[in-house]
Structure formats: C-alpha cells, structure tokens
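Descriptive structure summary
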Amino acid sequence: MILTFSFTSSTTDTPEEPYLEYEGRRVSSSTSSSSSSNSITIREHVLAQLHCVIKGQSSAIRSVAWYVGSENMTTHSRLLMEYSAEEDTSLTISVLTLNITAEYHGQPVYCVIAHQNWPREATLSASLNVLCKCFGWEFYFGVLFLNHLLFLFCRRPPLQHHP
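The present account deals with the structure reproduced in this document. (Residues numbered from 1 in each chain as written. Predicted model: local features only at pLDDT ≥ 70, side-chain atom pairs only at ≥ 80, totals over all residues. Heavy atoms only, no water.)

What to know about the overall build of the chain
Looking only at helices and strands, the chain has zero helices and 12 strands in total. Buried residues in the chain amount to 36% of all 163 residues. In the chain, of all internal contacts separated by at least 6 residues, the share reaching a separation of at least 24 is 61%. With the model as given, the accessible surface of the chain reaches about 10800 Å², and the carbon-plus-sulfur share is 52%. (Helix = DSSP H or I, 4+ residues; strand = E, 2+ residues; numbered from the N terminus. Buried < 20%, exposed > 50% of the residue type's maximum accessible area, 1.4 Å probe, protein only. Contact = heavy atoms within 4.5 Å. Areas by Shrake-Rupley, 256 points an atom, 1.4 Å probe, with all protein chains shown as cover.)

Some remarks on the environment of R25
Assignment of secondary structure puts R25 in strand β2 (residues 25-29). With a relative accessible area of 43%, R25 lands in the partly exposed category. The sequence separation of R25 and H51 amounts to 26 residues, and the corresponding C-alpha distance is 9.8 Å. What R25 contacts, discounting residues up to four positions off in sequence, is L20, S39 and I40.

Brief notes about the nonpolar core
Counting residues in hydrophobic clusters, the biggest one holds 27 residues, and the most contacted among them are I40, W66, V109 and I113. Only β1 (19-22), β3 (39-43), β4 (47-56), β5 (61-68), β8 (89-99), β9 (108-115) and β10 (122-131) provide two or more residues apiece to this core. When residues of this core are assigned to their parent elements, the largest contribution, five residues, is made by β10. (Core = buried A, V, L, I, M, F, W, Y, C linked by side-chain atoms within 4.5 Å.)

Describing the environment of Y19
Checked against the element boundaries, Y19 lands in strand β1. Look at Y19 and you get buried, because its relative accessible area is 9%. For Y19 and C111, which are 92 residues apart along the polypeptide, the C-alpha to C-alpha distance reads 9.0 Å.

A short note on the state of the cysteines
With the rule as written, the count across this model stands at one disulfide. Each sulfur of the disulfide joining C52 and C111 lies 2.0 Å from the other. Here the disulfide of C52 and C111 is left-handed, its torsion about the S-S bond being about -90 degrees. Taken together, the positions of C52 in strand β4 and C111 in strand β9 put the pair 59 residues apart, joining distant regions of the chain. You'll find C52 and C111 in the same group, each marked buried. (Disulfide = S-S within 2.5 Å.)

Put into structure tokens, the structure is as follows:
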C-alpha cells in the first residue's frame, strides 16, 4: 500500500512590500515615485531611529544596508527579527540610529534590502529635512527682512569632500 500526501499552500514565501518608517509613520515604499515626496523632518541634535520594515512568510533576508547620501551607514544599524507562529509571518526590522546634524539636511537616506526570493535588491529612500536649532548666531543661520518681518532661516553648510 502506497500513501501519497500532497500539500498545497495559498501563501507564498514572498514578503510584503517593504517600507521605511520614522516615529511610527510610514515614509516610503519601494514603489514610491521619488525621495522628494518622501521627506523625513527631524530636529538637529536629535538621536533619530529610522526603520526599514519587511514582513513575510519567512525571514530570508540576505542583507540590509543603509546609506545617507553616498556614505555607508550600515554599521550604525541593527537587525531585529520576529516570527509569529499564529500568523505564520516573519517581521524583519533594520533600525538605523543617527545623530542628526545640519550636514544631513537635504541628503537622501537609503535602505537597500537583499532577499533570497527577489531577483534584485529593493531600495527604499527618503530625503532628510533637518530643522536647525537657533541658540544665537551660528554659521548655519541667516536673516531675511520681508514686509517688516524678521525671519531666521537655516542653510545647509557647504559639503566637504574627503578623498
């Protein structure tokens, strides 16, 4: 007597669309049109944590890398993985911790995910909008008089390129 068992599953091993999150708010997904519409506003001198979130039936994540501009910031991140047996779902979160400075203003932040079931890496991006603190006159601040009103504004300092 030969017994044959077949198993059919309605779920796949492909994760849901990944996304960036800051302070509990979804900021970007891999199908978002541009990083300019995905802006993260953060105050200067704040220790910020950005999350790259991947949900799916398995935690087949090969790697998660972080970049601010062209600088690799992956060493400032940690990878957290959870599995829910009830829902048969994995949750992978890469957390990037940054000490926000004025130099980050206008810079893109990227999360690059490699998953074993994807033909290529997924890249999530957003731009950083840094709000500067004014404790007096500093290099980053300027003054504008308009209709008898005084405005202080924050300028991004010139980028320094290191060879």
